[in-house]
Amino acid sequence: MKTVMSGMRPTGRLHIGNYWGALRRWVEIQAEHRCFFMVADLHMFTTAYEESSRLQEHVREMVLDWLAAGLDPEKCVLFKQSDVPQHAELTLLLSMVTPISWLENNPTYKEQLQELGKTKLARALEGEGILTKERREAISGGQLEPVEPSSEAVRKELRTAGFLGYPVLQTADIALYGANLVPVGQDQLPHLEISREIVRRFNGLYGAVLTEPGPVLTPQAKVPGLDNRKMSKSYGNAVDLFETAAGLAPKVMSAYTDPLKARAKDPGHPEGCVVFAYHKLYSDFADRREGECRAGAIGCVACKKELLTSMEKPFSEFRERRARFDKPGLVSELLTAGGAKARAVAEETMGKVRKAMNLR
Ligand code: TRP
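On a predicted model such as this, the values are computed, not experimentally measured, just so you know.

A. A look at the side chain of Thr98. Residue placement: Thr98 occurs in the loop between α4 (86–96) and α5 (100–104). Residue Thr98 is classed as buried on the basis of its relative accessible area, which comes to 9%. Within polar-contact distance, the side chain of Thr98 engages the backbone oxygen of Leu94 at 2.7 Å. Setting aside chain neighbours within four positions, we find Thr98 in contact with Leu103, Val168 and Ile198.

Printed below as a string of structure tokens:
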């Protein structure tokens, strides 16, 4: 049995990309391993620090989705990062031994700075009337070249110590629980490499106190958005995990399909088709459909309708389960209980850390 730790930023309701990409795996492994699953509310502030007015609501919505998807507080520890102050304490101590160059050379740091710079700077320019809404949307949608992110505006907004130190916070998350299995997406791999280096450095200086996070990657499904770009709330191309039947139909019917298949009888190319990608997740006849599509034996409209039928049952089951958990106070009680469990484990690690550093 291994110790597993993973987290998600509280972005509110989850979409099917979050489910197939991460949550489903969490549900699977909760029975096999000792699992800690965390609402990464502190992580949220590393990039979205200006706006937190809806944070509580977003936490609640996301945890409800977790429960409805099958995470069971009897089998795993569900908690909120900020309920466990040891995360902040260990982050500070680890930051003492982390060379800045490791953080600056983090490839995702550079990329994210670019990516966020695009939208943030664009929004700032829009506020000043320099940029129209249309142009801003074109930029964040990737149709236009990004604005140079090294400008002063971006530097002020994003060159925060918290954003640079993101991998240190994440290392603390993992190390507090002695996790040796960390299921994350491909995009998080460089962070985990840094985590291993920080832990090694700490142990080299103070003795073998912390556990090195072990091998990580469990292959996870990539789910395209309705328009065939990466699925993201901010792109408006997401399918919510708990979409209503009325909400689901127009989304599926407008989903991107092979542009070369203009007529029903034209042969199609399922590999680039969003509807086919969803069939693979929801329909047991995806293999047959692949052949039918290539042969021009079915049109996209009929194919989409069948997808809707396949999605009906899992979606209504999810919705029912979610409604059952959606009671006042339930999520916060559950997080309070999970927080206490997490704190007990985290405090044990901190006791060793403080001692190793001669703070006690
Ligand atoms: N950084 C992760 C993300 O944004 C979330 C996260 C926070 C995490 N702490 C973690 C993942 C620890 C794995 C382990 O997706």
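B. A look at the environment of Leu113. Secondary-structure assignment places Leu113 in helix α6 (residues 107–127). On the accessibility criterion, Leu113 (7% relative accessible area) is buried. Taking the C-alpha atoms as reference points, Leu113 and Leu158, separated by 45 residues in sequence, lie 7.0 Å from one another.

C. Molecular detail of the site of the ligand. In the neighbourhood of the ligand, 14 residues make up the surrounding shell, with Arg9, His43, Tyr166, Gln170 and Asp173 lying closest. At 2.7 Å, a side-chain N or O of Asp173 approaches a nitrogen atom of the ligand. Within the side chain of Gln188, one N or O atom sits 3.3 Å away from a nitrogen atom of the ligand. Surface burial for the ligand is 90%, taken as the share of its 370 Å² of free accessible area covered by protein chains. Element by element, the count of residues in the shell around the ligand is highest for helix α10 (residues 166–176), at 4 residues.

D. The packing of helix α1 (residues 16–29) against helix α3 (residues 55–69), seen in detail. With their axes 10 Å apart at the nearest point, α1 and α3 run at an angle of 60° to one another. Taken together, α1 and α3 sit at an angle that is classed as oblique. Here α1 runs over α3; the crossing is right-handed. Of α3, the residues touching α1 (which contributes Tyr19, Leu23, Trp26 and Val27) are Asp65, Trp66 and Ala69. Taken together, the residues of the contact of α1 with α3 break down into 6 nonpolar, no polar and 1 charged.

E. Focus on empty space enclosed by the protein. Within this structure, the stated rule accounts for 2 cavities of 30 Å³ or more. Considered as a void within the structure, the largest cavity measures approximately 110 Å³ in volume. Around the largest cavity, the lining is made up of 15 residues, and of these Cys273, Val275, Cys293, Cys300 and Cys303 lie nearest the centre. For the lining of the largest cavity, the secondary-structure elements that each account for two or more residues are α13 (274–282), α14 (286–294) and α15 (300–325). Across the lining of the largest cavity, the residue classes tally to 8 nonpolar, 3 polar and 4 charged. When its volume is computed, the second largest cavity comes out at roughly 30 Å³. Around the second largest cavity, the lining residues are Asn106, Thr108, Tyr109, Gln112, Phe163, Tyr166, Pro167 and His191. Mapped onto the lining of the second largest cavity, the elements with two or more residues apiece are α6 and α10. Ranked by residue count, the leading element in the lining of the second largest cavity is α6, at 3 residues.

F. Inspection of the layout of surface pockets at higher detail. Taken as a whole, the second largest pocket encloses approximately 240 Å³ of empty space. Lining of the second largest pocket is provided by 15 residues; of these, Thr91, Ser95, Ala161, Gly162 and Gly165 occupy positions nearest its centre. Mapped onto the lining of the second largest pocket, the elements with two or more residues apiece are α4, α5, α9 (161–164) and α10. The element contributing the most residues to the lining of the second largest pocket is α4, with 4 residues. Each residue belonging to the lining of the second largest pocket can be placed in one class, and the counts come to 9 nonpolar, 6 polar and no charged.

About the cut-offs
- Within each chain, residue numbers correspond to sequence positions counted from 1 in written order.
- pLDDT decides what is reported in this predicted model: residues at 70 or higher carry local features, side-chain atom pairs at 80 or more are listed and counted, and totals for whole chains, interfaces and linings draw on all residues regardless.
- Side-chain figures throughout are based on the complete set of non-hydrogen atoms in the structure, without hydrogens or water.
- Going along the chain from the N terminus, every DSSP run of H or I of four or more residues is numbered as a helix, and every run of E of two or more is numbered as a strand.
- We call a residue buried when its accessible area falls under 20% of the maximum for its residue type, exposed when it is over 50%, and partly exposed in between, using a 1.4 Å probe and counting protein chains only.
- Polar contact criterion, stated in full: a pair of N or O atoms within 3.5 Å, where within protein one must be able to donate a hydrogen and the other to accept it, and residues adjacent in sequence count only if both atoms are side-chain atoms.
- It only takes one pair of heavy atoms within 4.5 Å for two residues to be counted as in contact.
- The rule for a residue being near a molecule or strand is that one of its heavy atoms must lie within 4 Å of it.
- The Shrake-Rupley method, run with a 1.4 Å probe sphere, supplies the accessible areas, and residue values consider only the shown protein chains as cover.
- In this analysis an axis means a line fitted to C-alpha atoms, helices contributing only their contacting stretch, and an angle means the value between N-to-C directions, from 0 to 180 degrees.
- When describing relative orientation, an angle under 35 degrees is termed roughly parallel and one over 145 degrees roughly antiparallel, while 65 to 115 degrees is termed roughly perpendicular and anything else oblique.
- Should the near helix be turned anticlockwise from the far one by less than a right angle, the crossing is left-handed, and should it be turned clockwise, the crossing is right-handed.
- Gly falls in the polar group here, along with every residue not listed as nonpolar (Ala, Val, Leu, Ile, Met, Phe, Trp, Tyr, Cys, Pro) or charged (Asp, Glu, Lys, Arg).
- Only protein atoms enter the calculation, which uses a 1 Å grid: trapped sets of points that fit a 1.4 Å probe without letting it out are cavities, open sets showing protein on both sides within 12 Å along at least five of seven lines are pockets, and any residue with an atom within 4 Å of a point is a lining residue.
- Grid points are joined across faces, edges and corners, and a volume is the space filled by probe spheres set on the points.

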